[in-house]
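Chain by chain, the residues run as shown.
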Amino acid sequence: MPSLDRFAADKLASLEAKQLRRRLVETERADGISVIRNGKRLLSFSCNDYLNLSQHPEVKDAAIAAISRYGAGAGASRLVTGNHPLYAELESRLAKLKGTEAACVFGSGYLANTGIIPALIGKEDLVLLDELSHACLWSGAQLSRAKILAFRHNDPAHAEALLKEHRPLHGNALIATDGVFSMDGDLAPLPALGELAKRYDAWLMSDDAHGLGVIGGGRGSVFAHGKKAEVPLQMGTLSKAVGGYGGYLCATIDTIELVKNRARSFVYSTGLPPASAAAAITALDIIARGGELIEAPLRKARAFTKAAGLPEAQSPIVPVVLGSAARALDTAKKLEREGFLAVAIRPPTVPEGTARLRLTFTASHPDTEIVRLAGLVRELVSA
Ligand SMILES: *Cc1c(COP(=O)(O)O)cnc(C)c1O
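Note that this is a predicted model, so its numbers are computed, not measured.

Cut-offs and rules
Residues numbered from 1 in each chain as written. Predicted model: local features only at pLDDT ≥ 70, side-chain atom pairs only at ≥ 80, totals over all residues. Heavy atoms only, no water. Core = buried A, V, L, I, M, F, W, Y, C linked by side-chain atoms within 4.5 Å. Buried < 20%, exposed > 50% of the residue type's maximum accessible area, 1.4 Å probe, protein only. Helix = DSSP H or I, 4+ residues; strand = E, 2+ residues; numbered from the N terminus. Domains from an automatic or database assignment. Contact = heavy atoms within 4.5 Å. Buried area = accessible area lost by both parts, 1.4 Å probe. Salt bridge = Lys/Arg side-chain N within 4 Å of Asp/Glu carboxyl O. Polar contact = N/O pair within 3.5 Å; in protein donor to acceptor, adjacent residues only side chain to side chain. Near = heavy atom within 4 Å. Areas by Shrake-Rupley, 256 points an atom, 1.4 Å probe, with all protein chains shown as cover. Expected span 1.5 Å × (residues − 1). Arc of directions from axis to C-beta. Lys, Arg positive; Asp, Glu negative; His and termini not counted. Phe/Tyr/Trp six-rings, centres within 6.5 Å; stacked < 30°, edge-to-face > 60°. Lys NZ or Arg CZ within 6 Å of the ring centre and 35° of its normal.

Visitor: Can you tell me about the nonpolar core, naming the residues and giving the values?
Guide: The biggest cluster of nonpolar side chains holds 38 residues, and the ones touching the most others in it are Leu 90, Leu 94, Leu 238, Val 242, Leu 284 and Ile 287. Residue assignment for this core shows that the elements contributing at least two residues are helix H2 (57-70), helix H3 (86-98), strand S4 (102-106), strand S10 (247-251) and helix H10 (274-289). It is H10 that provides the largest number of residues to this core, a total of 10 residues.

Printed below as a string of structure tokens:
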């Protein structure tokens, strides 16, 4: 066996032994909430399409119209010839919703984070990350080659202790955190972190992948705390509640111009396809209208946590922590037999010993099915 294949086979065998091997399962999404897997129709509690906008007729029509007019792909990086006219419109929609001067759209949320952080932060600088921050914030921080320190989850006092000790040793400093934590569904204390960042002359960056469209009246986690938190770098994705694909940063004009000049994942990567920009523009218009659609996912998550006897949901994401990977996989399998898709999330996506079901609630999940799922979860967790 060639050494490369031996290496791959050994690694896979070791993942398999720890119940950590992952496999792709073909999943056909027929509407906003149900999927077909292995020939079986399941009600999904694992999609991030919180407002079901990926399937919205107006959103789909906008994408089709953009393909007809501009073609299937952007053709080049935006700085070369890929900057088709829909981008400016999309960026002004995002800036308006987030209350900033300007915005920059990237190919994806992952590309945004790996581009933004190294564009602003370098070797002599400091990055503080909440320990449960999304993998791509860590990747961006690592690419910056700055000193990286993790503070305890949602603990501004620990972040302050680290700043006190390390801030004087560095040039610039960035504090980065999820606004809504992707695997736990809780909110970062953005007002407290904003105030802390100001006192230590650090720049606060929030990743609002799971906030836009579903909390803070649809405007995201910066707006979910009574008064608006001071967050000069608001990053997010168009792939969750917005229902499509792409990432973004909202900030001041100067910061956005610098990012458009320096972020390698922006400069050296092809622009988002026109259809994705058009879909996002229409989806953001729907989100900006607000109302019942925006409120529904959190309301449904809270109906679930109440019925299941779990702590009240703070976002449409509800973790059901089970411990071992084996137990999480087994519980997911039992729910699948009942017609529910609740994918097991295992390390390294979550810390060792906290494998879980990560349930997500969308605007169109039927209340009766939510109650039935809650009953099953209550039973399986106490078993
Ligand atoms: C999904 C996600 C991302 C990545 O966004 P993509 O557009 O899917 O690449 C970034 N941060 C968080 C917190 C996420 O949940």
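Visitor: If you had to explain the domain arrangement of the chain to someone new, which residues and values would you point to?
Guide: The figure often quoted for interface size is the accessible area lost as the parts come together. Domain boundaries in the chain define domain 1 (20-49 + 291-382) and domain 2 (58-289). The C-alpha centroid of domain 2 is placed 26 Å from the C-alpha centroid of domain 1. Each partner contributes to the interface: domain 1 provides 17 residues, whereas domain 2 provides 21 residues. When the two sides are added together, the surface that domain 1 and domain 2 hide from each other amounts to roughly 1400 Å², 62% of it contributed by carbon and sulfur. Across the contact surface, domain 1 and domain 2 share 1 salt bridge. Notably, a salt bridge pairs Asp 184 with Arg 356, separated by 3.0 Å at the nearest N-O pair. Taken together, the links from domain 1 to domain 2 amount to 5 residue pairs in polar contact (both at pLDDT 80 or more).

Visitor: Any details on the site of the ligand? Residues and values, ideally.
Guide: Taken together, the neighbourhood of the ligand is formed by 13 residues, with Gly 109, Asp 207, His 210, Thr 237 and Lys 240 sitting nearest. Within the side chain of His 210, an N or O atom sits 2.6 Å from an oxygen atom of the ligand. Thr 237 is positioned such that a nitrogen or oxygen atom in its side chain is 2.7 Å from an oxygen atom of the ligand. Look at the ligand: alone it shows 380 Å² of surface, and the protein chains cover 87% of it.

Visitor: Outline helix H12 (residues 325-337), listing residues and values.
Guide: Spanning 13 residues, H12 covers 19 Å between terminal C-alpha atoms, matching the ideal 18 Å at 1.5 Å per step. Within the span of H12, buried status applies to Ala 325, Ala 328, Thr 331, Ala 332 and Leu 335. The arc that holds the buried residues of H12, viewed along the axis, is 130 degrees, so those residues lie on one side. Across from the buried face of H12, at angles greater than 90 degrees, the exposed residues are Lys 333 and Arg 337.

Visitor: Kindly report on the side chain of Lys 240, identifying the contributing residues and their values.
Guide: Take Lys 240: it is sitting in the loop between strand S9 (233-237) and S10. One buried charged side chain, Lys 240, makes no salt bridge at all; its nearest oppositely charged neighbour is Asp 207, positioned 6.8 Å away. In this view, Lys 240 contacts Asn 48, Asp 49, Tyr 50, Ala 209 and His 210; residues no more than four positions away in its chain are not counted.

Visitor: Break down the packing of aromatic side chains for me, with residues and values.
Guide: For the structure on display, the rule yields 4 aromatic pairs. Pairing Phe 304 with Phe 361 gives two aromatic rings, centres 5.1 Å apart and planes at 40 degrees, and the pair type is tilted. Of the two residues, Phe 304 sits in helix H11 (residues 292-308) while Phe 361 sits in the loop between strand S14 (355-360) and helix H13 (367-382), which places them 57 residues apart along the sequence. Both residues of the pair, Phe 304 and Phe 361, count as buried. Linked through ring pairs, Phe 45, Phe 304, Phe 340 and Phe 361 together constitute an aromatic cluster. Its guanidinium or amino end placed over the ring of Tyr 87, Arg 78 lies 3.8 Å from that ring's centre, counting from NZ or CZ. A cation over an aromatic ring shows up here: Arg 219 above the ring of Phe 223, its NZ or CZ 4.0 Å from the ring centre.

Visitor: Just give me the short version of the pattern of salt bridges, but keep the residues and values in it.
Guide: If you walk through the whole model with that rule in mind, you get 22 salt bridges. A salt bridge links Glu 292 to Arg 299; its shortest N-O distance comes to 2.5 Å. Among the charged side chains, a network of salt bridges with common partners joins Glu 16, Arg 21 and Arg 23.

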